[in-house]
2 protein chains.
Amino acid sequence: MKPCAGFARKRAWKASVKSDVNKTTRGIQSRNREEVTARILAAAEKVFAEFGYAGASISRIAAVAGLPKSNVVYYFETKEALYRRVVGEIFDIWRAAADSIATDNDPIHALGDYIDTKLDLARTRPYGSKVWANEIIQRAPIVQDYLEEELRSWTENRIAVIDAWIENGQIRPISPRHLLYAIWAMTQHYADFTHQITTLNDGVELTDAQWNETKAAVKDLLLCGVALPDLNRA
Amino acid sequence: MKPCAGFARKRAWKASVKSDVNKTTRGIQSRNREEVTARILAAAEKVFAEFGYAGASISRIAAVAGLPKSNVVYYFETKEALYRRVVGEIFDIWRAAADSIATDNDPIHALGDYIDTKLDLARTRPYGSKVWANEIIQRAPIVQDYLEEELRSWTENRIAVIDAWIENGQIRPISPRHLLYAIWAMTQHYADFTHQITTLNDGVELTDAQWNETKAAVKDLLLCGVALPDLNRA
DNA sequence: TCTTTTTCTGACCGATCGTGCAGAAATACC
DNA sequence: GGTATTTCTGCACGATCGGTCAGAAAAAGA
């Protein structure tokens with residue numbers, strides 16, 4: 001998977017050049033660096049999701065990660081740089097989830113796999129989705145460049161695939177763009193609005209069985225509008 | 001439309017009792033009060049949407065409303081009280097939008113009207129939707145009581161209506177709960193993610209024609225999974 | 001007019017924020 | 001061992017926050 005280069009723009013580690021030069025001789029330190037940064041990123045994803053960008057304080061992120069505030073600043077020089085890394089991670093994950101949308105694949109299976117994977121991510125990585133939602137709601141004040149450079153071209157490539165399916169007569173001639181938006185909306189809804197869904201589920205989180213029902217229902221609703229008319233449909 | 005009493009809980013105006021008693025004799029002052037509070041509420045809805053609860057400062061809301069900060073505090077004693085009023089307003093509007101979901105109405109038309117109205121609101125009142133999304137994403141730290149008291153019963157009533165439609169054989173036996181979630185997700189997506197959609201539209205807002213296409217596409221996708229099989233479908 | 005009530009505002013307080021920085025502590029390198 | 005580099009941390013600074021309060025200004029009531 002292509003790394004999210006756009007988000008690293010403002011990162012210029014004093015140490016990174018050196019550690020690239022002497023990479024083989026400094027294994028232990030590098031491993032610790034990765035462990036700590038991973039712990040900070042996980043904590044940041046959770047805190048940014050639960051409090052928003054403005055409401056998330058570095059000290060709270062540090063507390064969740066079990067580190068002093070200064071240590072977080074040491075690894076991620078500014079709050080904004082840390083935030084960009086968090087947003088970039090979820091975007092990379094989402095992008096990989098759409099690998100099944102390729103011209104050679106069967107449309108219904110490909111879209112079904114995409115929905116399944118995206119709903120799995122809604123369950124396993126809900127914080128990342130919430131951070132993304134917050135950023136977009138607030139008009140992408142920090143990652144707007146990324147929307148224009150990466151998201152735009154990526155989206156148009158996927159639309160081209162769906163258009164090809166339509167031209168080949170493999171699916172109904174629906175609007176590819178609105179289909180993508182529909183999939184994004186419904187799958188991310190189950191991540192971003194987890195709390196509402198849980199409250200409407202008598203306050204208890206969805207069970208494995210309920211998540212499977214959700215997957216089936218979402219695919220049923222969405223793909224019913226995509227699949228070619230089946231005269232044998234009950 | 002039933003007012004949103006739950007959100008007024010913590011409001012206890014020093015003046016409200018008096019102004020109720022002498023309502024007829026104090027027309028001018030009351031009118032001003034309503035004008036100013038309306039302007040504050042509009043500004044607050046916008047600022048809460050764009051910066052989140054933590055990021056929205058009273059001084060910024062006041063600046064947007066064209067008032068000194070102290071004046072905002074005078075009318076809404078705390079930031080939290082002002083926020084509750086804003087969230088309550090959008091919820092009341094959304095609740096009214098679902099009036100068409102009644103047993104006696106034709107399912108397809110009723111759901112289509114609901115989707116149309118909700119998408120109109122996504123265009124005309126996008127800030128309210130964003131405030132709601134932010135609140136839910138952050139696990140409803142301020143209006144959780146309202147979710148449990150109002151949203152839960154309201155949702156179950158709508159589910160009962162859809163269940164009745166299914167029992168009458170008017171629609172396919174889909175999951176009413178997931179259908180509601182799907183409608184919420186897709187309609188609110190066009191409000192909450194307006195900025196992403198605009199960016200993917202070459203940076204220009206959707207035109208009237210594009211909004212009509214959106215309505216048609218959303219209804220096509222969703223209602224196709226709801227309507228009974230039509231053997232004449234092209 | 002005089003009094004009372006309501007409306008409005010600037011000044012201020014304690015708390016928290018992001019971040020810079022000096023220097024301690026730990027590790028790597030020779 | 002000693003030196004250099006990286007890692008880590010406490011402290012301090014200016015800015016901004018939500019909210020209080022005294023009192024001015026305006027309106028209402030008599």
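Residues numbered from 1 in each chain as written. Chains lettered and ligands numbered in written order. Predicted model: local features only at pLDDT ≥ 70, side-chain atom pairs only at ≥ 80, totals over all residues. Heavy atoms only, no water.

Our next topic: the packing of aromatic side chains. Summed over the entire model, instances satisfying the criterion amount to 22 aromatic pairs over all chains. Pairing A:F91 with A:Y146 gives two aromatic rings, centres 4.9 Å apart and planes at 75°, and the pair type is edge-to-face. One end of the pair, A:F91, is in helix α5 (residues 79–97); the other, A:Y146, is in helix α8 (residues 144–167), with 55 residues separating them in the sequence. Since its relative accessible area comes to 4%, A:F91 is described here as buried. Within the aromatic cluster, the residues linked to one another by ring pairs are A:W154, A:Y181, A:W184, B:Y190 and B:W211. The side chain of A:K79 reaches across the aromatic face of A:Y53, ending 4.6 Å from its centre. (Phe/Tyr/Trp six-rings, centres within 6.5 Å; stacked < 30°, edge-to-face > 60°. Helix = DSSP H or I, 4+ residues; strand = E, 2+ residues; numbered from the N terminus. Buried < 20%, exposed > 50% of the residue type's maximum accessible area, 1.4 Å probe, protein only. Lys NZ or Arg CZ within 6 Å of the ring centre and 35° of its normal.)

With that out of the way, let us pick up the relation of the copies chain A and chain B. By a simple turn and slide, chain A fits onto chain B: the slide is 0.0 Å along the axis, the RMSD is 0.0 Å, and the turn is 180°. Taken together, the rotation and translation describe the operation of a two-fold axis. Take the interface residues of chain A: 100% of them recur as interface residues in chain B, which is what a same-surface contact looks like. (Least-squares fit on C-alpha atoms with pLDDT ≥ 70 in both. Contact = heavy atoms within 4.5 Å.)

Scanning the entire structure with this criterion turns up 20 salt bridges over all chains. Here A:E89 makes a salt bridge to A:R125, at a shortest N to O gap of 3.7 Å. Placement of the pair is A:E89 in helix α5 and A:R125 in the loop between α6 (107–124) and α7 (126–137), with a sequence separation of 36 residues. In this structure A:R125 comes out as partly exposed when scored by relative accessible area, which is 25%. The salt bridge involving B:E150 is made with B:R95; its shortest N-O contact spans 3.2 Å. Of this pair, B:E150 sits in helix α8 (residues 144–167) while B:R95 sits in helix α5 (residues 79–97), and the two are 55 residues apart along the sequence. (Salt bridge = Lys/Arg side-chain N within 4 Å of Asp/Glu carboxyl O.)

The subject of this paragraph is the nonpolar core. Membership of the largest hydrophobic core comes to 144 residues, with the highest contact counts inside it found for A:W132, B:L82 and B:W132. Those residues in contact with B:L82 that lie beyond four places of it in its chain are B:I40, B:L41, B:A44, B:F48, B:I61, B:V72 and B:F76. (Core = buried A, V, L, I, M, F, W, Y, C linked by side-chain atoms within 4.5 Å.)

This paragraph deals with the confidence of the model for chain A. When pLDDT is averaged across chain A, the result is 87; 85% of the residues are at 70 or more. Contacts from residues 1–27 of chain A, a stretch scored under 50 in pLDDT, to residues over four places away or in other chains number 31 contacts. (pLDDT = per-residue confidence, 0-100.)

Two numbers describe how helix α11 (residues 208–224) of chain A lies on helix α9 (residues 176–192) of chain B: the axes approach to 10 Å, and their chain directions differ by 60°. Between α11(A) and α9(B) lies a crossing of right-handed hand. Along the contact surface, α11(A) presents A:E213, A:T214, A:A217 and A:L221, while α9(B) presents B:H178, B:L179 and B:A182. Its residues assigned to classes, the contact of α11(A) with α9(B) shows 4 nonpolar, 2 polar and 1 charged. (Axes fitted to C-alpha atoms, helices over the stretch in contact; angles between N-to-C directions. Left-handed = near helix turned anticlockwise from the far one by under 90°. Nonpolar A, V, L, I, M, F, W, Y, C, P; charged D, E, K, R; others polar.)

Another aspect to go through is the interface of chain A and chain B. Opposite the 57 residues of chain A that make contact, chain B presents 57 residues. Where chain A abuts chain B, roughly 5100 Å² becomes buried across the two surfaces, and 62% of that area is made up of carbon and sulfur atoms. Its largest share of buried area at the contact with chain B, chain A owes to A:I137, A:L200 and A:L221, together 15% of the area lost on that side. Counting across the chain A and chain B interface gives 4 salt bridges. One salt bridge in this structure joins B:R172 and A:D220, with 3.3 Å as the shortest N-O distance. (Buried area = accessible area lost by both parts, 1.4 Å probe.)

Our next topic: the packing of helix α7 (residues 126–137) of chain B against α9(B). Residue and element names in this part refer to chain B. Relative orientation of the contacting elements α7 and α9 amounts to 110°, with a least axis distance of 8 Å. Here α9 runs roughly perpendicular to α7, going by the angle between their axes. Each of P126, S129, K130, W132 and A133 in α7 lies in contact with α9, whose residues at this interface are Q188, A191 and D192. For the contact of α7 with α9, the residue count by class is 4 nonpolar, 2 polar and 2 charged. (Parallel < 35°, antiparallel > 145°, perpendicular 65-115°, else oblique.)

Residues and elements named next belong to chain A. Counting through the fold element by element, T198 comes out in helix α10 (residues 194–199). We classify T198 as buried; its relative accessible area is 13%. If sequence neighbours within four positions are ignored, T198 has contacts with G203, V204 and E205.

This brings us to unusual backbone geometry. Located in the positive-phi region is A:R139, a residue other than glycine, with phi close to 70°. With respect to the helices and strands, the residue A:R139 is situated in the loop between α7 and α8.

Note on placement: A:T199 falls in helix α10. For A:T199, the contacting residues outside a window of four places in its chain are B:Q144, B:L147, B:E148 and B:R152. At 2.9 Å, the side chain of A:T199 and the backbone oxygen of A:H195 are in polar contact. (Polar contact = N/O pair within 3.5 Å; in protein donor to acceptor, adjacent residues only side chain to side chain.)

Below, the discussion takes up α8(A). Residue and element names in this part refer to chain A. Its 24 residues place the ends of α8 33 Å apart at the C-alpha level, agreeing with the 34 Å of an ideal helix rising 1.5 Å per residue. At L151, α8 shows its maximal bend, which comes to roughly 35°. Where α8 terminates, the next one or two residues include G169, which has phi positive at roughly 70°. (Expected span 1.5 Å × (residues − 1). Bend = angle between axes of the 7 residues up to and from the residue.)

All names here are of chain B. Among the structural elements, A56 can be located in the loop between α2 (27–55) and α3 (58–65). Between the C-alpha atom of A56 and that of A44, which follows or precedes it by 12 residues, the distance is 8.3 Å. Ignoring any residue separated from it by four or fewer positions in sequence, one finds A56 in contact with V47, F48, F51 and K79.

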